[in-house]
Amino acid sequence: MNKAGHCAIKLQRKAFAIDVEFDIPSRGVLGIFGHSGSGKTTLLRCLAGLEKDVQGQIEFNSQTWLSQSQNLSSQSRNIGYIFQEDRLFPHLNVRQNLDYGSTRNTANNSAPLDREHLFKLLNIGHLLDRKPRQLSGGEKQRVAIGRALLKNPQIMLLDEPLASLDKKRKQEILPFLSRLHRELSIPMLYVSHSMEEVSLLCDHIIVMEQGRIQFNGRLHEALVSPESPLTKADDAAAVLDGIVTKQEKEFQLSTIQTANGNNIVVPGDTEVGQPVRVRIQSSNISLCKTAVTNSSILNIIEGTISAIVDKSGSHVLLQINSRNDLLLARITKKSYQQLELSIDQTIFMQIKAVAIHGA
Amino acid sequence: MDLFPGSGPLLLTIKLASITTLILLIIGTPVAWWLSNTRLKIKPLIETIVALPIVLPPTVMGFYLLILLSPQSAIGSWWFKLTGETLTFNFTGLVIASVLYSFPFVVQPLQSAFESVGRDLMEAAYTLGAKPLDAFFSIAMPLAKRGFLTASVLGFAHTLGEFGVVLMVGGNIPGETRVISIAIYDHVEMLEYTQAHMLSAMLLGFAFLAMLLMYTVNHQQARHS
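The rules we used
Residues numbered from 1 in each chain as written. Chains lettered and ligands numbered in written order. Predicted model: local features only at pLDDT ≥ 70, side-chain atom pairs only at ≥ 80, totals over all residues. Heavy atoms only, no water. Helix = DSSP H or I, 4+ residues; strand = E, 2+ residues; numbered from the N terminus. Buried < 20%, exposed > 50% of the residue type's maximum accessible area, 1.4 Å probe, protein only. Rg over C-alpha atoms; globule rule 2.2 N^0.38 Å. Contact = heavy atoms within 4.5 Å. Areas by Shrake-Rupley, 256 points an atom, 1.4 Å probe, with all protein chains shown as cover. Lys, Arg positive; Asp, Glu negative; His and termini not counted. Charge placed at Lys NZ, Arg CZ, Asp CG, Glu CD. 1 Å grid on protein atoms, 1.4 Å probe; cavity = no way out; pocket = protein on both sides within 12 Å on 5 of 7 lines; lining within 4 Å. Points joined across faces, edges and corners; volume = space filled by probe spheres on them. pLDDT = per-residue confidence, 0-100. Patch = residues over 30% accessible without salt bridge, like charges linked within 9 Å, V, L, I, M, F, W, Y side chains within 5 Å. Salt bridge = Lys/Arg side-chain N within 4 Å of Asp/Glu carboxyl O. Core = buried A, V, L, I, M, F, W, Y, C linked by side-chain atoms within 4.5 Å. Domains from an automatic or database assignment. Nonpolar A, V, L, I, M, F, W, Y, C, P; charged D, E, K, R; others polar. Polar contact = N/O pair within 3.5 Å; in protein donor to acceptor, adjacent residues only side chain to side chain. Phe/Tyr/Trp six-rings, centres within 6.5 Å; stacked < 30°, edge-to-face > 60°. Pairing = 2+ DSSP bridges.

Observations regarding the overall build of chain B
Point 1. Along the backbone of chain B there are ten helices and zero strands.
Point 2. The secondary structure elements of chain B, listed N-terminal to C-terminal, are α-α-α-α-α-α-α-α-α-α.
Point 3. For chain B, the C-alpha atoms occupy an extent of roughly 65 × 45 × 30 Å along the three principal directions.
Point 4. When burial is assessed residue by residue, chain B has 44% of its 225 residues classed as buried.

Here's what the structure looks like:
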């Protein structure tokens, strides 16, 4: 990871404390994952300069935000902040809300973001003359994202931007965020307690617990590594990145190819050439010792068992390596014994295409 | 000056109430803002001091102000040296007394209006690059405009009706400190009921219209937001 900054801070509050140290990436999305109360929102607020009494050091793009002698105010840190709630200014219309940050940020000398392009990307061009109260929840949050981006910040800080939205609205915004991620050259810090959101958006991940960092690493490894707390979850899942290589409109299916050469059929008819990320839950992979033919299952992929991640309960969670793509399979202990599985063994994974989520 | 009988005290009263309200808005706004944002332990103490004129008998306030503003006091003698005028039994002294007397009626509505604006939107403004004063004028003030209206009407109307403090500090000097409520009292003392009726009716009518305006506007805005 190319780093653009470093953060080493402590914060003591009555009920809890924050004590963290990590690098801020120069681009891509760094997820900050944790259960509620783990301190992830407070950490983001510390970075934004919204918390008092923060101790330590924050450096970003060779600017000191926090040190023993200095504490840069929020308005002087060149950030874009998305709150859990939209926090649009109710007395201003959408256009005035969008302009609020862009007219005030004089510190930035990089080329301003193309407004028209951003409006198109966020699909907010038709809302400009409305007041915030006339917008739906999803529209409000899209305007809030636009407002923060138009300020032309050097880093985006997002605090559970989808938490206040229902499932349908989430599905509406998630693609915007992942498109933004690809188009922006600035880093994003994304706080969430949703494994799905983090898996579909992030490149790196920090797992927080009780104000401390429990795990910090690349997302793809964090999702499948035995040392990672993420593999302890019931819905442990791996992600694969690929490009759409085939589109079957009549079946509503697309085939994607990963950089390592694996082909996976996924639902949805995404355009050929589009980059997609698929999330494959461990419980949706079954294992065979021999390649099955005549199966209803579209994806049969060969791999080797590379690690036993967890076998504490009635199931065994296996990490499987296929051409260096790492996946997780959860099978019962009984099947594990009957199949006489062991590390380095070659195995065929059956992955239900319908069980794959893309973004 | 005398457009009609009693117009002298009426105009003086309106002048006093206008100047007082203007000063109160200028002083009361930062105080209310501070009160709505501070987490300091002395906040209840300050709130108590601000609220005192609501419960204190006007004569008590008037008595202390008389002592505080008299030429023998530090403030009174400093003012006398500066301008050659006393603060007691004088219009300037009356303004000072009115400002203190009506202070809570301006600070309290402003404080609750600022509290309902909340920290969230201010934080959003800061992260968008607004400095505190800029955020105050562009976000907090427009959103607290109902509070400003209420504060202005209450401050104005309350100053309009004051009697005890004025009598103690200002006395009854025509054109200088003889405000409408004092004039009414005088007329009643001299059994001039017709004049007393006229002035009282004017004050009643004005108070009614001011309150009606305030509630109507507040009601309309509440329906809009």
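So, the overall build of chain A
Point 1. Helix and strand content of chain A: eight helices and 20 strands.
Point 2. Relative to a compact globule of 359 residues, whose C-alpha radius of gyration would be 21 Å, chain A shows 22 Å and is just as compact.
Point 3. Across its three principal axes, chain A shows a C-alpha extent of roughly 65 × 50 × 30 Å.
Point 4. The proportion of buried residues among the 359 residues of chain A is 53%.
Point 5. Here the contacts in chain A between residues at least 6 apart in sequence split such that 65% fall between residues at least 24 apart.
Point 6. In the form shown here, chain A has an accessible surface area of approximately 16300 Å², with 46% of it arising from carbon and sulfur atoms.
Point 7. Of note, chain A has its 41 positive side-chain charges centred 5 Å away from the centre of its 36 negative side-chain charges.

Topic: empty space enclosed by the protein
Point 1. What the rule picks out here adds up to two cavities of 30 Å³ or more.
Point 2. Its boundaries defined by the atoms lining it, the largest cavity holds a volume of some 50 Å³.
Point 3. Lining the largest cavity, in full, are A:Tyr81, A:Ile82, A:Phe83, A:Glu85, A:Asp86, A:Ala144, A:Arg147, A:Ala148, B:Ala124, B:Thr127 and B:Leu128.
Point 4. Elements that contribute at least two residues to the lining of the largest cavity include exactly strand E6 (79-82) and helix H4 (137-150) of chain A together with helix H5 (91-127) of chain B.
Point 5. Ranked by residues supplied to the lining of the largest cavity, first place goes to H4(A) with three residues.

A closer look at the confidence of the model for chain B
Parts of the prediction with low pLDDT should not have their coordinates interpreted in detail.
Point 1. The predicted model of chain B has a mean per-residue pLDDT of 89, with 96% of residues at 70 or higher.
Point 2. Across the predicted assembly, pTM comes out at 0.85 and ipTM at 0.86.

Re a nonpolar patch on the surface
Residues and elements named next belong to chain B.
Point 1. A contiguous nonpolar surface patch, about 490 Å² in accessible area, is contributed by Trp34, Leu40, Ile42, Leu45 and Ile49.
Point 2. Mapped onto the elements of the fold, Leu45 is located in helix H2 (residues 43-55).
Point 3. Residue class for Leu45 comes out exposed when judged on its relative accessible area of 52%.

Quick look at the nonpolar core
Point 1. Of all hydrophobic cores here, the largest spans 75 residues; its most connected members are A:Leu177, A:Leu287 and A:Leu318.
Point 2. If you count residues domain by domain, this core takes at least three from each of domain 1 (3-232) and domain 2 (277-358) of chain A.
Point 3. One finds A:Leu44, B:Leu12, B:Leu16 and B:Ala124 within the second-largest nonpolar core, a separate group that totals 68 residues.

Some details on the layout of surface pockets
Take a probe with the size of a water molecule and roll it over the atoms, and the empty space left behind shows itself.
Point 1. The computed volume of the largest pocket comes to approximately 770 Å³.
Point 2. Forming the boundary of the largest pocket are 23 residues, of which A:Leu50, A:Glu51, A:Lys52, B:Arg39 and B:Arg119 lie nearest the centre.
Point 3. Elements represented by at least two residues in the lining of the largest pocket include exactly helix H1 (7-37), H5 and helix H6 (132-143) of chain B.
Point 4. Broken down by element, the lining of the largest pocket gets its largest block of residues, four residues, from H5(B).
Point 5. Of the residues that constitute the lining of the largest pocket, the class distribution is eight nonpolar, seven polar and eight charged.

Describing the side chain of B:Ser138
Point 1. With respect to the helices and strands, B:Ser138 occurs in helix H6.
Point 2. Using a relative accessible area of 16% as the deciding quantity, one classes B:Ser138 as buried.
Point 3. A distance of 2.7 Å separates a polar side-chain atom of B:Ser138 from the backbone oxygen of B:Asp134.
Point 4. Contact partners of B:Ser138, with chain neighbours within four places excluded, come to A:His91, A:Tyr100 and A:Arg104.

Quick notes on the packing of aromatic side chains
Residue and element names in this part refer to chain B.
Point 1. Following the criterion strictly, the structure yields twelve aromatic pairs over all chains and no others.
Point 2. Look at Trp78 and Trp79: their rings are 6.3 Å apart centre to centre, the planes differ by 55°, and that puts the pair in the tilted class.
Point 3. Looking at Trp78, the relative accessible area reads 51%, which means it is exposed.
Point 4. Members of the aromatic cluster, connected to one another through ring pairs, are Trp33, Phe114, Phe136, Phe137 and Phe148.

Here we look at the pattern of salt bridges
Residues and elements named next belong to chain A.
Point 1. Overall, the coordinates contain 18 salt bridges over all chains when judged by the stated rule.
Point 2. Between Glu221 and Arg218 there is a salt bridge, with the nearest N and O atoms lying 3.3 Å from each other.
Point 3. Ionic pairing is found between Arg277 and Asp241, a salt bridge with its closest N-O pair at 2.7 Å. In this pair, Arg277 is assigned in strand E14 (residues 275-281) and Asp241 in strand E11 (residues 237-248), connecting sequence segments 36 residues apart.
Point 4. A relative accessible area of 7% means that Arg277 is categorised as buried.

Side note on the pairing of strand E13 (residues 263-267) of chain A
Looking along a regular strand, one sees side chains alternate from face to face of the sheet.
Residue and element names in this part refer to chain A.
Point 1. When strand E12 (residues 253-258) meets E13, the two strands line up antiparallel, connected through five bridges. Note that in E13 the partner of Leu253 across the bridge is Pro267.
Point 2. Linking two consecutive strands that pair antiparallel, namely E12 and E13, is a turn of four residues; a positive phi of about 95° is found at Gly261 within it.

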